[in-house]
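# Summary of structural features
These are the residues of each chain, in order.
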Amino acid sequence: MKLISAITLILILFNLNLIWAEDFPGLHEPLKTVTKQYLVIQQKLASDSFDGVIAAANNMKTTMAADSAKTFAPDFSKAVDDLTETKDMHAARIAFQKVSSCLIAALAQNQVQTGSLHVVFCPMVKAYWVQTDGKTIRNPYYGAAMLDCGEFQRQF
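What you see is a predicted model, and the numbers here were worked out from it, not measured in a lab.

Attention shifts here to the nonpolar core. Y38, I41, F76 and L107 are the most contacted members of the largest nonpolar core, which totals 40 residues. For this core, the secondary-structure elements that each account for two or more residues are α2 (31-46), α3 (53-65), α4 (74-84), α5 (89-109), β1 (118-122) and β2 (127-131). Residue contributions to this core peak at nine residues, all from α5.

Let us look at the packing of α2 against α3. Helix-helix packing: each pair is described by the crossing angle between the helix axes and the interaxial distance. At their nearest, the axes of α2 and α3 sit 9 Å apart, and the two run at 165° to each other. In terms of their interaxial angle, α2 and α3 are classed as roughly antiparallel. When the axes of α2 and α3 are compared, the crossing they make is left-handed. Residues T33, V34, Q37, Y38, V40, I41, K44 and L45 of α2 pack against V53, A56, A57, N59, M60, T63 and M64 of α3. Class assignment for the residues of the contact of α2 with α3 results in 10 nonpolar, four polar and one charged.

Let us now look at α3. The end-to-end C-alpha separation of α3 is 18 Å, in line with the 18 Å expected for 13 residues at 1.5 Å each. Those residues of α3 not exposed but buried are V53, A56, A57, M60, T63 and M64. Down the axis of α3, the smallest arc covering the buried residues is 120°, so these residues share one side. When the buried face of α3 is taken as reference, the exposed residues oriented beyond 90 degrees from it are T62 and A65. At its buried positions, α3 is contacted by α2, α4 and α5.

In this chain, E29 is followed by P30 through a cis amide linkage whose omega measures 0°. If you trace the backbone, P30 turns up in the loop between α1 (2-17) and α2.

To continue, consider the sheet that holds β2. Strand order in the open sheet formed by three strands is β2-β1-β3, with antiparallel pairing between adjacent strands. Of all the strands in the sheet, just β2 and β3 (151-155) have a single pairing partner and so form its edges. When strand polarity is set aside, the average angle formed by the axes of neighbouring strands in this sheet is 30°. Pairing geometry for β1 and β3, over four bridges, is antiparallel.

Further remarks concern the packing of aromatic side chains. Within this structure, the stated rule accounts for five aromatic pairs. When the centroid spacing of 6.0 Å and the interplanar angle of 55° are considered together, the rings of F96 and Y141 count as tilted. Note that F96 is positioned in helix α5 and Y141 in the loop between β2 and β3, a separation of 45 residues in sequence. The pair formed by F96 and Y141 is uniform in burial state, with each residue classed as buried. Taken together, the ring pairs connect Y38, F96, W129 and Y141 into an aromatic cluster.

Calculation criteria
- Residues numbered from 1 in each chain as written.
- Predicted model: local features only at pLDDT ≥ 70, side-chain atom pairs only at ≥ 80, totals over all residues.
- Heavy atoms only, no water.
- Core = buried A, V, L, I, M, F, W, Y, C linked by side-chain atoms within 4.5 Å.
- Buried < 20%, exposed > 50% of the residue type's maximum accessible area, 1.4 Å probe, protein only.
- Helix = DSSP H or I, 4+ residues; strand = E, 2+ residues; numbered from the N terminus.
- Axes fitted to C-alpha atoms, helices over the stretch in contact; angles between N-to-C directions.
- Parallel < 35°, antiparallel > 145°, perpendicular 65-115°, else oblique.
- Left-handed = near helix turned anticlockwise from the far one by under 90°.
- Contact = heavy atoms within 4.5 Å.
- Nonpolar A, V, L, I, M, F, W, Y, C, P; charged D, E, K, R; others polar.
- Expected span 1.5 Å × (residues − 1).
- Arc of directions from axis to C-beta.
- Pairing = 2+ DSSP bridges.
- Phe/Tyr/Trp six-rings, centres within 6.5 Å; stacked < 30°, edge-to-face > 60°.

What follows is the structure in structure tokens.
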């Protein structure tokens, strides 16, 4: 009984941290879909999982390619292309650094203000990322090895 209660509590707490892009006021397509897929990748890498990273990156790539308004800078598309070509978690984490910088630039350029997207800086790799949890750092560059390494920088 205690095990079931513990598992239930973990699932509830985990689900509280999973805020999807459709929950973000002011975040419009196609940036909404790209951000949602980005958050999937961030959560996977922070959990030391490579499963689903390439699929989410491919979803980002498809959304960006279909964007007739040219919302995304060419370097953002290139960064996502590079991420889709990675073969392991280490390479994905390196490619994710550029994707993160590009997403942060896109959010800033579009003056996004959701109150639910938090930019975090990892001093160890000197790289930023975006996450939804504004209280607990979930470092995608180190995962469990240094999950709480980072400093909150700003909020969108």
